[in-house]
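Topology and contacts: notes
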Amino acid sequence: MTKVHPQALVDPKASLAEDVEVGPFTVIGPGVEIDSGTWVGPHAVLRGPLQIGRDNRIYQFAALGEAPQHKGYKDEPTLLKIGHGNTIREFVTCHRGTAQGRGETRIGDNNWLMAYCHIAHDCSLGDNLLFANSASLAGHVDVGDNATLGGFALVHQFCRVGSYAFCGFGSGINRDVPPFVTVSGQMAVPRGVNSVGLRRHGFSAERITAIKRAYKILYRRGLRLEDARDALSDQLSDSADVRQMVDFLDSSKRGLLR
């Protein structure tokens, strides 16, 4: 049986799995779907269309599925979709997509969003991410798996943060951050390879060495971006990690953080 506190307000048109828990003074609107094992604390506000997967923990004062902060939004039925096993802490805000964009905002699995983080419309988040307090994404931002954003890191709209990247405290990010790279500063600049994070994720010394060689080609030789891309393809094409970096460069629209 669903464990909804008697002082919570759950719309009859919301759909909650039998074992979902909802704390007091939380408001859940129509079009909200919550799968099994998810806990929603007190004073949260969930608005649909919103899909929430299994085994999530949503803390007090989180606001999920609100209309996007976009002047062109005209009450279209866009979506926020949240996966499984996420921890969403106090005062986190995640908005639905826009008709002008993807039509949905997506958050993957096993992510930690600490207090006061903001995920804007049409963003796409991978799995196993860590966003420290007040890290924020503008609209249409993509973040790859296993990336970390330090406290108060800010990402400009339409930018991408690659897998296993590390963005330091207070970083202002206005271009794409390649996979495996550490950036920091206001505005952010590359600081090297995220070696500590890669070791923690089980990367071998050989893999990390190949990534460091790729970083030197990309950032230390003074090459134009096109020439650096060709050099990476020619010299390190046997590394799957480097191929991932090349693919990232090929699909960059905002340009690379350099």
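Here's a quick rundown of the structure. (Residues numbered from 1 in each chain as written. Predicted model: local features only at pLDDT ≥ 70, side-chain atom pairs only at ≥ 80, totals over all residues. Heavy atoms only, no water.)

1. Thoughts on the pattern of salt bridges
When the charged atoms of two side chains with opposite charge come close together, those side chains can pair. Rules: Here, a salt bridge means any Lys or Arg side-chain nitrogen found within 4 Å of an Asp or Glu carboxyl oxygen. The rule is simple: take the accessible area with a 1.4 Å probe, protein chains only, and divide by the maximum for that residue type; under 20% is buried, over 50% is exposed, in between is partly exposed. Each helix is a run of H or I in the DSSP string that is no shorter than four residues. Each strand is a run of E no shorter than two, and both are numbered from the N terminus.
Applying the stated rule across the entire model yields nine salt bridges. The partner of Glu-90 in a salt bridge is Arg-89, and the shortest N-O contact between them spans 2.9 Å. A relative accessible area of 18% means that Glu-90 is categorised as buried. What makes Arg-89 partly exposed here is its relative accessible area of 23%. For Arg-102, the salt bridge goes to Asp-142, with nearest N and O atoms at 2.6 Å. Here Arg-102 is found in the loop between strand 14 (93-95) and strand 15 (104-107), whereas its partner Asp-142 is found in strand 21 (residues 142-143), with 40 residues between them in sequence. Using a relative accessible area of 36% as the deciding quantity, one classes Arg-102 as partly exposed. Given a relative accessible area of 22%, Asp-142 falls into the partly exposed group. Shared partners join several salt bridges into a network, and the residues in it are Arg-229, Asp-230 and Asp-250.

2. What to know about the packing of helix 2 (residues 205-219) against helix 4 (residues 240-250)
For any two helices packed against each other, one specifies the inter-axial angle together with the distance between the axes. Under the convention used in this document: Each axis is a line fitted through C-alpha atoms, taken for helices only over the stretch in contact, and angles between the N-to-C directions span 0 to 180 degrees. By definition in these notes, contact holds between two residues if any of their heavy atoms fall within 4.5 Å. Asp, Glu, Lys and Arg are counted as charged, while Ala, Val, Leu, Ile, Met, Phe, Trp, Tyr, Cys and Pro are counted as nonpolar; the rest, among them Gly, fall into the polar class.
At a minimum axis separation of 9 Å, helix 2 and helix 4 run at an interaxial angle of 35 degrees. Packed against helix 2, whose contacting residues are Arg-207, Ala-210, Ile-211, Ala-214 and Leu-218, the element helix 4 presents Asp-241, Val-242, Met-245 and Leu-249 at the interface. A per-class count over the contact of helix 2 with helix 4 returns seven nonpolar, no polar and two charged.

3. What to know about the packing of aromatic side chains
In this description, an aromatic ring pair is defined by two values, namely the gap between the centres and the angle between the planes. The criterion, for reference: Each Phe, Tyr or Trp ring, with Trp reduced to its six-membered ring, pairs with another whose centre is within 6.5 Å; inter-plane angles below 30 degrees give stacked pairs, above 60 give edge-to-face pairs, and intermediate values give tilted ones.
One pass over the full model with this rule turns up eight aromatic pairs. Judged by centre distance (4.9 Å) and plane angle (10 degrees), the rings of Phe-61 and Phe-91 are stacked. In this pair, Phe-61 sits in the loop between strand 10 (57-58) and strand 11 (63-66) while Phe-91 sits in the loop between strand 13 (87-88) and strand 14, placing the two residues 30 residues apart along the sequence. On the basis of relative accessibility, which here comes to 37%, the residue Phe-61 falls in the partly exposed class. A relative accessible area of 36% means that Phe-91 is categorised as partly exposed. Ring centres 6.3 Å apart and planes at 80 degrees place the aromatic pair Phe-152 and Phe-169 in the edge-to-face group. On the criterion of sequence distance, the pair formed by Phe-152 in the loop between strand 22 (148-149) and strand 23 (154-155) and Phe-169 in the loop between strand 25 (166-167) and strand 26 (172-173) is long-range, its members being 17 residues apart.

4. As for a positive patch on the surface
The condition that has to hold: Each patch is assembled from residues with relative accessible area greater than 30% and no salt bridge, linking like charges that lie within 9 Å and nonpolar side chains (Val, Leu, Ile, Met, Phe, Trp, Tyr) that lie within 5 Å. A 1.4 Å probe and the Shrake-Rupley method give the accessible areas. Residues count as covered only by the protein chains that appear here. Residues scored as charged are limited to Lys and Arg (positive) and Asp and Glu (negative), so that His and the chain ends carry no count. The atom standing in for a charge is NZ when the residue is Lys, CZ when it is Arg, CG when it is Asp and CD when it is Glu.
Side chains of Arg-199, Arg-200, Lys-212, Arg-213, Lys-216 and Arg-220 sit close together on the surface and give a patch of like positive charge. With three residues, helix 2 is the largest single contributor of residues to the positive patch. If you trace the backbone, Arg-213 turns up in helix 2. On the basis of relative accessible area, Arg-213 is assigned to the exposed category, the value being 51%.

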